[in-house]
Amino acid sequence: MGLARRLTRKQTITACGKEWGVVFTHGALLYIQELTGFNIFADGLRFNATMSARVLRCVLYAVLRDAGCNLAMEEAGELLSLNRIGPMRLKLAAAWNESMPVQQLQSAGSDDKPARMTWLTAWAAARFDLGLSDEEWLEMTPRMAQALSLRRLDAQRHYELMAAVIA
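Residues numbered from 1 in each chain as written. Predicted model: local features only at pLDDT ≥ 70, side-chain atom pairs only at ≥ 80, totals over all residues. Heavy atoms only, no water.

Student: Honestly, the pattern of salt bridges in this entry has me stumped. Any pointers?
Tutor: When the charged atoms of two side chains lie near each other, side chains of opposite charge can form a pair. For the coordinates displayed, the defined rule picks out four salt bridges. Here Asp66 makes a salt bridge to Arg5, at a shortest N to O gap of 2.9 Å. You can see Asp66 sitting in helix 4 (residues 53-67) and its partner Arg5 sitting in helix 1 (residues 3-7), a full 61 residues away along the chain. Within this structure, Arg9, Glu98 and Arg143 form a network of salt bridges that share partners. (Salt bridge = Lys/Arg side-chain N within 4 Å of Asp/Glu carboxyl O. Helix = DSSP H or I, 4+ residues; strand = E, 2+ residues; numbered from the N terminus.)

Next comes the structure, spelled out in structure tokens:
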């Protein structure tokens, strides 16, 4: 079990005769984008009634595959029978919410818009700013990467405060 599944409140989904804890890691998100063609950073995923069964099947397949479940795409589709599609959509939405970054409140009077995040800028920040390897980054959720970034920012502010006190 990866660290993302230990640190993130996961949703369990039964497949292949076993329960799997699913979270949305960067690796799973990249695979979902590859399967669906959606730009996850620009569009996100909306787990509402308008999400097609095909997209839901791709999402389910990707997160189960990322969790270690060795099932075929058709088997993922079989998990979405009419009586189970609603509860499965809710589980995936809950896993999405637990895996995505927490929205940061902007300070009052601040007109600064955050820079638009892309896969390349997310990877670059993880590699350069946080010193993560590709594998480490792929196995963590966006919320975990956000927590590391916030911790790095706190450490930088503390360092600058100490430098100002000394000066």
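Student: Help me understand the pairing of strand 1 (residues 11-15), please; the structure alone is not making it clear to me.
Tutor: On a regular strand, each side chain points to the face opposite its neighbour's, so the side chains alternate between the two faces of the sheet. Sheet topology note: the strand 1/strand 2 (residues 18-22) ladder contains five bridges and is antiparallel. Counted as the bridge partner of Ala15 is Lys18 from strand 2. The loop that links strand 1 with its antiparallel partner strand 2 comprises two residues; one of these, Cys16, has a positive phi angle of about 55°. (Pairing = 2+ DSSP bridges.)

Student: Sorry, what's going on with the packing of helix 2 (residues 26-36) against helix 4 here?
Tutor: When two helices pack together, their arrangement is given by the angle between the helix axes and by the axis-to-axis distance. Relative orientation of the contacting elements helix 2 and helix 4 amounts to 145°, with a least axis distance of 9 Å. Crossing of helix 2 against helix 4: the hand is right-handed. Seen from helix 2, the contacting residues are Ala28, Tyr31, Ile32, Leu35 and Thr36; seen from helix 4, they are Arg54, Val55, Cys58, Val59, Tyr61, Ala62, Val63, Arg65 and Asp66. Considered class by class, the residues forming the contact of helix 2 with helix 4 number ten nonpolar, one polar and three charged. (Axes fitted to C-alpha atoms, helices over the stretch in contact; angles between N-to-C directions. Left-handed = near helix turned anticlockwise from the far one by under 90°. Contact = heavy atoms within 4.5 Å. Nonpolar A, V, L, I, M, F, W, Y, C, P; charged D, E, K, R; others polar.)

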